[in-house]
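# Per-entry structural report
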Amino acid sequence: MKKFGRSMMTGKVLINLIIFLSFQISQALYEDQIGKFDWHQQYVGKIQHISWDQSLHAGKRVLVSSEKHVLASIHSHNGSIAWRKVLEEGARGQIDRTLHSGNLLVTVNGGGRFVRKWNAGNGLADWEVSLPGSRTGRTDLVQCSKDLLAVLTQEALCGLDTRSGRQKWSLSLPQSNQVIYTHLVLSGTNLFVIGQSYSQQVTVVTIDTEGVMKSTRSIKAPWLSVNTRCEVTNGAFLACYRNEDQSLLTLSLADGQVFKSTSIQVLGLEAAGDVSMETVTKTEEPIIFLRIAKNHMALVEITPNGAKLKKDLPKICAAQVMSYEDQSMLFTLERVEGELKMKAYDLDTGSEVADLYQTITYLPQHGYPQRMEVLMFKKRDLRIGCRFAILSEDYSMQMVLKAGKIAWRREEALAYVLSVEMIDLPVSENQAKYEDEFGSHRDDIATMFIKRFRTQFSQLKTYIQQQLQKLQGHRHHHHDTEAMAESGSDEEDEDLTRDEFNLNKLIVLVTGAGKIFGIRSTNGHIEWEHFFPELAPFDGNGQQKMLLFVQRTTAHFPNPPQCTVVGKHKETDNGFLFSFNPISGQPVDTPPGGLMLSYKITQTSVLGDLDDHFLRGILLMDPNDQVHVFPQKCASVLKKTFRFQFMFVADRDTGFIRGYRTIQDQGKFLVENVWSVNLHKKQQTITQVIGKRPLEHVHSLGRVLGDRSVLYKYTNPNLVVVVTEGDIQEQSQKGSFNLINLYLLDSVTGHMVFHCSHRKAKGPVTIVHSENWVVYNYYNQKSRRHEMAVLELYEGKEQSNSTAFSSFSSPRQPLVLRQSYIMPLFISTMATTITEKGITSKQLIFALKLGGLLALPKALLDPRRPLVPSQETMEEGTIPYIPELPVNAEAIINYNQSLFMVQGIHTSPAGLESTSLVLSYGLDLFFTRVQPSKMFDVLKEDFDYFFISAVLLGMFVVTIVTQKLSARRALSRAWK
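Worth saying up front: this structure is predicted, and the values here are computed from it rather than measured.

Within the protein one finds 7 helices and 66 strands. Its C-alpha atoms put the protein at 130 × 85 × 70 Å along the principal axes. The buried share among the 976 residues of the protein stands at 49%. Contacts in the protein between residues far apart in sequence, at least 24 positions, make up 50% of those at least 6 positions apart. For the protein, the centre of its 105 positive side-chain charges and the centre of its 101 negative side-chain charges are spaced 6 Å apart.

What follows is the structure in structure tokens.
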């Protein structure tokens, strides 16, 4: 009997495992479903270097490198990416310099540690050389000849073979411990290395192309500081600008013994702010650009006797000098009332080239153009033509191929997304009429009947019009494709109205570049955009944050939806707000350019109650402990509920977490400190504070156990997770080890609900906090592996309050269940799915460093998974414990669409309870749908309607026939 019971138990365990594995495999994607419910957009980030491809694809591609450690080639005809290389994260993959000349494409990474040559046609690496890294991160490189490349690091100057990367020679630089070497320039057969000693001197080292040092000289420069910007020009000149006295100091590298100082006032220029310099590399003349303001530049010529103004360029945003067939040309861009004027000048004569004049439509939400890259060519009629790329203030890149027309635009600001919200689309016009009918309680029966009649008549009219449009649809297929491209319209685009299952949303994205986007969830097309040059993110706990609040949704018809972005001003650090309608993008309650506050923002919160127009106010706390309400019309709600408003502030610099409550004093709202927690800054540092999502629904308040009892969840909405990292000194041994602490804190009362510590563990720690559980990931230094830990909090088998939770009358200390698992892959971030009512099983989504999005059921991270299954655990359906989490290829929801540098994952519920919408953002954007418990509330696409209808019809006929036969038989029996 015992053997039989054990075999039965083993059989049940195997059945559970088979069911679980079949559940995973069923998540596979059919080939014809690729791109049907998801989309993927690739970006490169803010472009630092741009040049036209001069290899086999000359004029057809543009080579770019960005601050996101990306090197890419972009098709010039449509803006798509031909190839893209995403280098290592951190300082190791940072692109310090990019050199492109002919077929040669070389990058220097990691402060000179890695020199790589790339194939410009396909993006493959030809060779890589490792050099001693620069402690200052300064590096430079020049091409000396066809087969020689000179690379500057802090300690040495190296000569490399361009064909194989072999080091031909290496020269140690003098006084490398005291001098910071910054620039390398080639003049004739000499290489000049420039070094700086702040407040002392500039060192010039002269070396020939064979690696032999010729001379070293020092030039006094007591004015030199960290903020002094220096650049080298053609003709071997060094130019430095000092903002303190607005002077330009120049030095001839060949024989200069002293700096020549020239005030910009002497040049006839006036600067109100900081002045920057831009080098000119595509001509042999010793000239340089001075940027006086966003829309004011000046072209300055450098001579042995100093600097002189070659051409003042007022109202010019971007300019470039190029040489073409022994002719130097100056190209300028001027922004005038929604358009750009591109002009070209002969640099020798100063006359304008009328054939190259263009007027380009330019949208104001891109800010000022900052740079242009021109490609000159000869047309068939032997006239000179040009095409050029524009880099704007909002990180966008635009291409002008034909005169006066922008061929395409890349919104690289979408690689810097900080906040995301998915907004429900408004109902259609007919549905809005129904809302209007039932929304009023003052109408009598006759008025409601008339409204109903008008609504149904309007529906009938709309239906007839739609059918007529379908019949006449062939007449509307002859649109001008160019006009459609300019207007950004598409035949597949529909009105922004809610679909039947509320699967289509409008996604609001707030970026670190100060730009806000509204895009469609169906295809990723941009619906509207706003750019605020003054808007900057908060720097909280070493992370950039931009706050996005949904103050009113589309559910409160006829009141329009409203969202507000909260950030800070770039220059003053005061608060900066922008409130808008998320569907149309129109400003609401704030000026179109945003609202700059007169105070800094310490903390923000949202009112729990709505006003008469269903608007949720935002509370802003300033450094003087005063609370402000936005918009001001929500102050009446705060007057009624200020006694129940609580906030807390986690100070990373001091290690204190302080809780506040709102009070009223002489007509003003203030906060007073009611509790504080000291986490000892000397031992640990606060890295993260994670709360629950405010609108998350918890369907079941308990968990049914195998013995039919209920284990009630500890669902404290005020619970936050505080993560700290630090070092602890060992007493027995000399040395220290890393430590991670996790605190579960009630943000209203300051009560410490739970605390756990992980010794010999380090971050980065990624956390998901939902319902009554916390899942977090860390690196175990002792076992040298990544681990995933889970905490689940329960009140016990008796529920303290079944209606509402209060932190002031909270239940006894919760029961905490915890378990750890081995995570075989490294993850960058993770999130959990959210559904409409919270009925569907939870699923955790992990962003893998390998580029995939892994979806695993929350049941795998259950702390109650038993080592030895019992009858009760099998009745409950708990999976037996296995130390390592399974990673199946079928669970990768982005299949072969690799995602790099994922910064966050946002999930949102759909109208279907079975479906959750997922958006991954970082260097790329990826949107898809997931069904953690399968699509149980919608019939499948291959459902056989004809067969079911035939069966139902047959049963109906059989029922009628049998009823007739039964009645006839009963009648015949009665006559007998």
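This part takes up the packing of aromatic side chains. Considering all chains together, one arrives at 13 aromatic pairs under this definition. Measuring from ring centre to ring centre gives 5.4 Å for Trp 528 and Phe 580, while their planes differ by 65°; the resulting arrangement is edge-to-face. Of this pair, Trp 528 sits in strand S37 (residues 526-531) while Phe 580 sits in strand S43 (residues 575-580); the two residues are 52 residues apart in sequence, bridging distant segments of the chain. The two residues Trp 528 and Phe 580 agree in class, both being buried. Centre to centre, the rings of Phe 578 and Phe 580 are 5.4 Å apart; their planes meet at 15°, and the pair counts as stacked. Given a relative accessible area of 1%, Phe 578 falls into the buried group. Among the aromatic residues, those joined into a ring-pair cluster are Trp 528, Phe 532, Phe 576, Phe 578 and Phe 580. The ring centre of Tyr 345 lies 4.7 Å from the NZ or CZ of Lys 311, which sits over that ring. A cation sits over an aromatic face here: Arg 335 above Tyr 368, 4.7 Å from the ring centre.

Judged by side-chain polarity, Leu 939, Phe 943, Tyr 945, Phe 947, Ile 948, Val 951, Leu 952 and Met 955 come together as a nonpolar surface patch covering roughly 770 Å² of accessible area. Summarising the element assignment, Tyr 945 is placed in helix H7 (residues 945-975).

Before going further, it helps to spend a moment on the pattern of salt bridges. For the coordinates displayed, the defined rule picks out 40 salt bridges. With its nearest N and O atoms 3.5 Å apart, the salt bridge here joins Asp 140 to Arg 97. Remark: Arg 97 occurs in strand S6 (residues 95-101) and Asp 140 occurs in strand S10 (residues 140-145); sequence separation between them is 43 residues. Two residues, Arg 116 and Glu 128, come together in a salt bridge whose shortest N-O distance is 3.1 Å.

Turning our eyes to something else, we now look at the state of the cysteines. Counted under the stated rule, the structure contains 1 disulfide. Put simply, Cys 230 and Cys 240 are joined by a disulfide, and their sulfur atoms are 2.2 Å apart. Residues Cys 230 and Cys 240 are joined through a disulfide that is right-handed, its torsion about the S-S bond being 110°. Separated by 10 residues along the polypeptide, Cys 230 in strand S18 (residues 229-233) and Cys 240 in strand S19 (residues 237-242) bring together distant segments of the chain. We note that Cys 230, like Cys 240, is buried.

To continue, consider the UniProt feature "transmembrane region" (unreviewed entry) in the protein. Mapped onto this numbering, the UniProt entry gives "transmembrane region" (unreviewed entry) at residues 945-966. Taken end to end, residues 945-966 is 100% helix and 0% strand, and its two terminal C-alpha atoms sit 31 Å from one another.

The biggest cluster of nonpolar side chains holds 39 residues, and the ones touching the most others in it are Ile 50, Val 64, Met 397, Ile 507, Leu 509, Leu 919 and Leu 925. Residues contacting Leu 919, with those up to four places away along its chain left out, are Trp 39, Val 420, Met 422, Ile 507, Leu 509, Gly 904, Ile 905, His 906, Phe 926 and Phe 927. In terms of nonpolar packing, the next biggest core, distinct from the first, is built from 21 residues, Met 823, Phe 846, Leu 860 and Ile 892 among them.

Moving on, we get to the side chain of Gln 684. Structurally, the position occupied by Gln 684 is in strand S51 (residues 684-690). Here Gln 684 is in contact with Leu 679, Thr 724, Glu 725, Gly 726, Asn 741 and Tyr 743, once residues within four sequence places are set aside.

Another point: unusual backbone geometry. Cis geometry is found at the peptide bond from Phe 557 to Pro 558, where omega equals 5°. Residue placement: Pro 558 occurs in the loop between strand S41 (547-552) and strand S42 (562-569). Cis geometry is adopted by the peptide bond preceding Pro 631, which originates at Phe 630 and carries an omega value of -10°. Its place among the elements puts Pro 631 in the loop between strand S47 (626-630) and helix H5 (635-641). Unusually for a residue other than glycine, Glu 325 sits at a positive phi of about 55°.

Along the chain, Asp 346 turns up in strand S28 (residues 339-346). A distance of 3.0 Å separates polar atoms of two side chains, one belonging to Asp 346 and the other to Gln 327.

Looking at the secondary structure, you find His 755 in strand S56 (residues 752-759). A C-alpha to C-alpha distance of 26 Å links His 755 and His 697, two positions 58 residues apart in sequence. Beyond its immediate chain neighbours, meaning those up to four positions away, His 755 contacts Asn 741, Leu 742 and Tyr 743. Of note is the side chain of His 755, whose polar atom sits 3.3 Å from the side chain of Asn 741.

Here the focus is the sheet that holds S28. Spatial ordering of the open sheet is given by S26-S27-S28-S29, a layout of 4 strands whose pairing is antiparallel. Among the strands making up the open sheet, the edge pair consists of strand S26 (316-323) and strand S29 (358-361). Taking the axes of each pair of neighbouring strands and ignoring which way they run, one obtains an average angle of 20° across the sheet. The pairing of S26 with strand S27 (residues 328-336) spans 7 bridges and is antiparallel. Following the sheet pairing, Ala 319 is matched in S27 by Thr 332.

With that settled, consider the confidence of the model for the protein. Taken residue by residue, the protein gives an average pLDDT of 87. The fraction at 70 or more is 91%. Counting contacts from residues 17-26, a segment whose pLDDT is below 50, to residues more than four positions away or on other chains yields 15 contacts. Taken together, the stretch residues 474-493 has pLDDT below 50 and engages in 12 contacts with residues farther than four places along the chain or on a different chain.

Our next topic: the sheet that holds strand S9 (residues 125-130). Sheet architecture is open: 4 strands sit in the order S6-S7-S8-S9, paired in antiparallel fashion. Bordering the open sheet on either side are S6 and S9, each of which pairs with just one other strand. For this sheet the average axis-to-axis angle between neighbouring strands, irrespective of direction, equals 15°. Bridge analysis of strand S8 (residues 114-118) against S9 gives 5 bridges, and the strand direction is antiparallel. Bridge pairing in S9 links Phe 114 to Ser 130.

Most of strand S14 (residues 180-187) is tucked away, with 6 of its 8 residues classed as buried. Note that S14 and strand S15 (residues 190-197) share 7 bridges and pair antiparallel. Counterpart to Leu 186 in the pairing with S15 is Leu 191. Hairpin connection between S14 and S15: a loop of 2 residues separates the two successive antiparallel strands, and Gly 188 in this loop has a positive phi of roughly 70°.

With respect to the secondary-structure elements, Val 64 resides in strand S3 (residues 61-66). Of the residues examined, Val 64 reaches a relative accessible area of 1% and is grouped as buried. Residues in contact with Val 64, not counting those within four places in the same chain, are Val 44, Ile 47, His 49, Ile 50, Val 70, Leu 71, Ala 72 and Ile 74.

Quick notes on the rules
Residues numbered from 1 in each chain as written. Predicted model: local features only at pLDDT ≥ 70, side-chain atom pairs only at ≥ 80, totals over all residues. Heavy atoms only, no water. Helix = DSSP H or I, 4+ residues; strand = E, 2+ residues; numbered from the N terminus. Buried < 20%, exposed > 50% of the residue type's maximum accessible area, 1.4 Å probe, protein only. Contact = heavy atoms within 4.5 Å. Lys, Arg positive; Asp, Glu negative; His and termini not counted. Charge placed at Lys NZ, Arg CZ, Asp CG, Glu CD. Phe/Tyr/Trp six-rings, centres within 6.5 Å; stacked < 30°, edge-to-face > 60°. Lys NZ or Arg CZ within 6 Å of the ring centre and 35° of its normal. Patch = residues over 30% accessible without salt bridge, like charges linked within 9 Å, V, L, I, M, F, W, Y side chains within 5 Å. Areas by Shrake-Rupley, 256 points an atom, 1.4 Å probe, with all protein chains shown as cover. Salt bridge = Lys/Arg side-chain N within 4 Å of Asp/Glu carboxyl O. Disulfide = S-S within 2.5 Å. UniProt positions renumbered as here; feature names shortened; annotations may be inferred. Core = buried A, V, L, I, M, F, W, Y, C linked by side-chain atoms within 4.5 Å. Polar contact = N/O pair within 3.5 Å; in protein donor to acceptor, adjacent residues only side chain to side chain. Pairing = 2+ DSSP bridges. Axes fitted to C-alpha atoms, helices over the stretch in contact; angles between N-to-C directions. pLDDT = per-residue confidence, 0-100.

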